[in-house]
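# Summary of structural features
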Amino acid sequence: MCRPTYYRIAYEINPWMSLKRPARRRRAAAQWHRLHQLLTQDLGARVRLLAPRASVPDLVFTANAGLVAGRTLIRSNFRYPQRQLEEPVVERYFRRAGFGIVRLHERYRFEGEGDALWLGQTLVFGFRFRSDAPVHEELARRLRVRVLPVELADRRFYHLDTCFCPLDARSALWFPGAFDRYGRRVIEHLVARLISVSEADARRFVCNAIVINRAVVVQAGLSAGLRRRLTRLGLRVHQLDLSEFLKAGGSAKCLVLTLRRAQPQEERT
Amino acid sequence: MASEIVHVSGHIIDSLILPKVLDEIMDLDGTFEILEIAVGKRKTDTSSARLRVHATSQRHLDHILKRLARLGAMPLHLRDVRLARAPKEGVFPGAFYSTTNLPTDIRFRGRWRPVQSIEMDCGIVVNPSTGAARCTPMTSIRKGDWVVCGVEGIKVTPLERARVAEVFQFMTSAVSSEKPKAQLIERLAREMRSIKRARQKILVVAGPAVVHTGSGPYLERLIKAGFVQVLFAGNGLATHDIESALYGTSLGVRLDRGVAVKDGHDHHMRAINTIRQLGGIRHAVRRRMLRRGIMHACVKRRVPFILTGSIRDDGPLPDVITDTLKAQEAMRKQIPGVGLALMIASTLHAIATGNMLPATVKTVCVDINPAVVTKLSDRGTFQGIGIVSDSESFLRELVRALRL
């Protein structure tokens, strides 16, 4: 994670960002702090911190830094120049932390865990707005896994992690309206237990949730129906107010990058 | 029709990327053919496919390709052509690309540009400021010209096979003297009429045998009726045509009776001398010294003729271009717009012309000697028919079929 010391709305690169709606830094800091506390103290996650930098306000959204596989970081090639400034910062951090760095072909864009999410042993890869389709082949080759590219169809849900959230190897939360019919068919075929969220929930970024074992950390305000369905699956739902980060088009998941995946119970046995 | 080969690979089957690519092409009114598909054997294996996308125009194609690029289906020819400067006058750079006579496009600064005046065994010169590409023979290369090298960024389009049987498909088999000619000539006449309607040019390459066999008047009739827009020939055809116009003989043989006349052997020399005296064929026509024949018809109908010399020419006539390179250049100037080339009883001129023609030009080669017809067909003349026939009977039939 990265402290939101310098977090602010400095530019507009997605439909959620507006220079007219600036982020309140102290509130953001408090919200981020609660998330950090919840993850480290209540859910027992080990969190490493990346030092914030004034020149890159969006560094706080570490999920987009890249994709970690073992001790290697597949570094992002950001779409927008404003965020491309994060690339060297991320690279330096991971190199010092002893990770190997993989840079993808510079012709193609890739925004890390924002567009690549694991569902069991399959990597689901969202493309169009921020990542380019051909990247999926390189990911498949490097990781030696099946990578399924799905095209995103709604500009508001510009990253895969804004509309799709694997809960375990067999179930996921999703907003079907964010995909085209091919993507919908692929996901329906792939995921045994799919929980569709309403558009209102999707706009609250409930799909941008952090899943640690059987706990789900999600933006506060999700509908009662959805909460019930999650609980019925045996998931503990932790609601947090992350409204300051919503102003930049991000929520819980965007604020963390997975360094080591906790193996879900189904896969362990 | 514009087309491009695209390649798509990865987990394209499970992710429905491939069906989506195909659907996209159809939704955008394009067509495709799958050239190759390799499907991964295990779940983690990737698959790949190569397809040719067809569209009605380059713009239409670009539109489709742009959409496909988003899905990761990339054109194979993504690179621009490599250019190098010509080191000397008349010398290509070492790795120059040698052309075919098929329609060719080059990719320069990210755009496909057609190569103008395509001709086999030449190079391609690119104007870097405009991006215009021109097929250029070796001798016309200027020092410092930018010449296309290597094979990257070059697209050669094979001619499509016609869906319906055409006359130019009719005799794609080996040349033979044992084929029905009347029907073939009938179809050729139809083709000539449609070429004329399309305002394309008909080029005739004729040898002196046209005059010797007494078929000169038929060719004259074709010219007068507007079925010939360009004539390529040598000193021989013009000389014997003028001899027959002035003396009624060809090589001293009376064309009407077929007998040799006394002292007729020098008629052709006297004919040449007369024309040289008058300063050329056009002058002879203008001064009404030359009043009939093929050359007369050409001048009267303002049909350009290119007479090119050879080493055994008598005279030659003042109109004959004796510098081979200049002659090639003069012939090349007449090629654009030619839709059909009719080569009658000529070997060297026919082959020289065949070399200069783009493959899209339909060619008809008529000769009494099957070897000549075969030789021309073997030189990469794609849309050609060969007719083994005496030129007199061929032209007589053709004139009849055209109802002239």
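Structure: above.
Residues numbered from 1 in each chain as written. Chains lettered and ligands numbered in written order. Predicted model: local features only at pLDDT ≥ 70, side-chain atom pairs only at ≥ 80, totals over all residues.

Turning next to the overall build of chain B. Of the regular secondary structure elements, chain B holds 14 helices and 20 strands. With 404 residues in all, chain B has 42% of them scored as buried. For chain B, the proportion of contacts with a sequence separation of at least 24, taken over those separated by at least 6, is 64%. (Helix = DSSP H or I, 4+ residues; strand = E, 2+ residues; numbered from the N terminus. Buried ≥ 20, exposed ≤ 12 C-beta atoms within 10 Å, placed from the backbone. Contact = placed C-beta atoms within 7 Å.)

Right, let's talk about the interface of chain B and chain A for a bit. Of the residues lining the interface, 14 residues belong to chain B; the matching set on chain A comes to 16 residues. For the side of chain B that touches chain A, the elements supplying multiple residues, two or more each, are strand S1 (2-10) and helix H1 (17-27) of chain B.

Residue and element names in this part refer to chain A. Strand order in the open sheet formed by 3 strands is S4-S5-S6, with mixed pairing between adjacent strands. Only two strands of the sheet have a single neighbouring strand rather than two, namely strand S4 (116-119) and strand S6 (146-151). Strand-to-strand twist across the sheet, computed as the mean angle between neighbouring axes with direction ignored, equals 30 degrees. Here S4 pairs with strand S5 (residues 122-127) via 4 bridges, running antiparallel. (Pairing = 2+ DSSP bridges. Axes fitted to C-alpha atoms, helices over the stretch in contact; angles between N-to-C directions.)

Before going further, it helps to examine the sheet that holds strand S11 (residues 215-219) of chain A. Residues and elements named next belong to chain A. What the 3 strands build is an open sheet, ordered S10-S11-S12; its pairing is mixed. What marks the edges here is a single partner per strand, and that holds for strand S10 (210-212) and strand S12 (236-240). Between one strand axis and the next, the sheet turns through 20 degrees on average, direction left out of account. Pairing of S10 with S11 involves 3 bridges; the strand directions are antiparallel. In the sheet register, Ile210 faces S11, and the bridge partner there is Val217. Here helix H1 (residues 25-42) sits on the sheet in contact with S11 and S12, set at roughly 160 degrees to S12.

Residue and element names in this part refer to chain B. Packing of helix H6 (residues 216-224) against helix H14 (residues 391-401) leaves a shortest axis separation of 9 Å and a crossing angle of 35 degrees. Note that H6 runs across H14; the crossing there is left-handed. Where H6 abuts H14, its residues Tyr218, Leu219, Arg221 and Leu222 lie against Leu395, Arg396 and Val399. Classifying every residue of the contact of H6 with H14 by side-chain character gives 5 nonpolar, no polar and 2 charged. (Left-handed = near helix turned anticlockwise from the far one by under 90°. Nonpolar A, V, L, I, M, F, W, Y, C, P; charged D, E, K, R; others polar.)

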